[in-house]
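Examining the three-dimensional arrangement
Okay, here's what each chain looks like letter by letter:
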Amino acid sequence: MSLTPPPGSRSAMEAYLLQQLDSLQTQLTSEQASTASMAAELRAADLRMDSAEKNINSGFLVLCGALGFFMQTGFAMLETGSVAKNNVINILFKNITDACVAGTFWWLLGYGFAYGKSAGGFIGTDNFAMSRIYDNGLNGALAGSDGWEMWFFQWAFVGTAATIVSGSVCERMRIEAYIMSSCAVSIFIYPVVVHWVWGDGFMSSNKGGSSFFYTQDTESNGLIDFAGSGVVHMVGGLTGLMGAYLCGPRLGRFDPVTGHVNDMPEHNIAFMALGVGMLWFGWYGFNCGSVLNFVEAGGLAGKGAGNT
């Protein structure tokens, strides 16, 4: 565009300047439209990136939850190999029942008790039967997701807590009593402890937690349990210990007259070794999945795998 005016009268020069102004205005409008289009494309790209990040994190959590659930098979094989041959069917039935009972009651009541709105930092009070699943209130990597992946991942955890009890009371407890204990773990015992530590309970390090134990600053920020060493395994272990104590020793373990300890050999060492391998494999889902955010914390997931 030339800014040199043509020779001629004053009116010709004014016409020329008006023409140049119109040309500049047209060019400016075009550039504004181009900038707006570019901004819209950037916003769309940001939305696609956010969506991709949430999908990757959700998919990662589902995969790790499936690995955690596979530990049920490991427990079944380990316990099957450890008991007498005549108790194999009982052990297998208990482990399958655990998965079904844990899934049903975790959906109905447990997840709400664990992650619902806190009542005095002790127990959750809503989201029963997944009534608030599409408004889960999750933060960070899972913010805005439907919440199904978190429910599924935690289902693997509650199933593990219940199944730990199975190994502690095997050959000690009738199946009816065991189903009742599995219901208690899935409905109340495990969910309440989850609320204390991972929800908004009185021990929680989450920002919404209320507590007189800590001040929520850099030096006092609540209990941090990364992958469930306390919430899952300590709870399951202590529950199993109490069950074994209340039930007493297995029938035939001690001679009724002399009190001598009778040998009760395992049923199948190969099953026991297979179960250990399955549990080891499933533990990668437990520990790596606990980072929750694979996109931003993939390195931490790798560290969890290495430590496992």
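Our structure's up above, just so we're on the same page.
Report on the accompanying structure. Computed from a prediction, not measured in an experiment: that's the story for all the values here. (Residues numbered from 1 in each chain as written. Predicted model: local features only at pLDDT ≥ 70, side-chain atom pairs only at ≥ 80, totals over all residues. Heavy atoms only, no water.)

1. Notes on the packing of helix 3 (residues 148–168) against helix 6 (residues 269–289)
Taken N-terminus to C-terminus, the directions of helix 3 and helix 6 make an angle of 125°; their axes are 11 Å apart at the nearest point. With respect to helix 6, the element helix 3 is oriented oblique. With respect to the hand of their crossing, helix 3 and helix 6 are arranged in left-handed fashion. On helix 6, the residues touching Phe 153, Ala 156, Phe 157 and Thr 160 of helix 3 are Gly 285, Phe 286 and Gly 289. Among the residues forming the contact of helix 3 with helix 6, the class breakdown is four nonpolar, three polar and no charged. (Axes fitted to C-alpha atoms, helices over the stretch in contact; angles between N-to-C directions. Helix = DSSP H or I, 4+ residues; strand = E, 2+ residues; numbered from the N terminus. Parallel < 35°, antiparallel > 145°, perpendicular 65-115°, else oblique. Left-handed = near helix turned anticlockwise from the far one by under 90°. Contact = heavy atoms within 4.5 Å. Nonpolar A, V, L, I, M, F, W, Y, C, P; charged D, E, K, R; others polar.)

2. So, the nonpolar core
Counting 41 residues, the largest nonpolar core has Trp 106, Tyr 190 and Trp 198 as the members making the most contacts within it. Secondary-structure elements contributing two or more residues to this core are helix 1 (10–82), helix 2 (88–115), helix 3, helix 4 (175–197), helix 5 (229–247), helix 6 and helix 7 (294–307). Those residues in contact with Tyr 190, other than ones at most four positions away along the chain, are Trp 106, Gln 154, Phe 157, Val 158, Ala 161, Val 185, Trp 198, Val 231 and Val 232. (Core = buried A, V, L, I, M, F, W, Y, C linked by side-chain atoms within 4.5 Å. Buried < 20%, exposed > 50% of the residue type's maximum accessible area, 1.4 Å probe, protein only.)

3. Observations concerning helix 4
Here helix 4 is 23 residues long and its end C-alpha atoms lie 31 Å apart, about the 33 Å a rise of 1.5 Å per residue gives. At Val 185, helix 4 shows its strongest bend, of approximately 45°. (Expected span 1.5 Å × (residues − 1). Bend = angle between axes of the 7 residues up to and from the residue.)

4. Regarding the side chain of Asp 98
The topology assignment puts Asp 98 in helix 2. Despite being buried, Asp 98 has no salt bridge partner; Lys 94 is the closest side chain of opposite charge, sitting 8.6 Å away. One polar contact links Asp 98 to Ser 182, side chain to side chain, over a distance of 2.8 Å. Dropping the residues within four chain positions of it, Asp 98 is found in contact with Gln 72, Ala 162, Thr 163, Ser 166, Tyr 178 and Ser 182. (Lys, Arg positive; Asp, Glu negative; His and termini not counted. Salt bridge = Lys/Arg side-chain N within 4 Å of Asp/Glu carboxyl O. Polar contact = N/O pair within 3.5 Å; in protein donor to acceptor, adjacent residues only side chain to side chain.)

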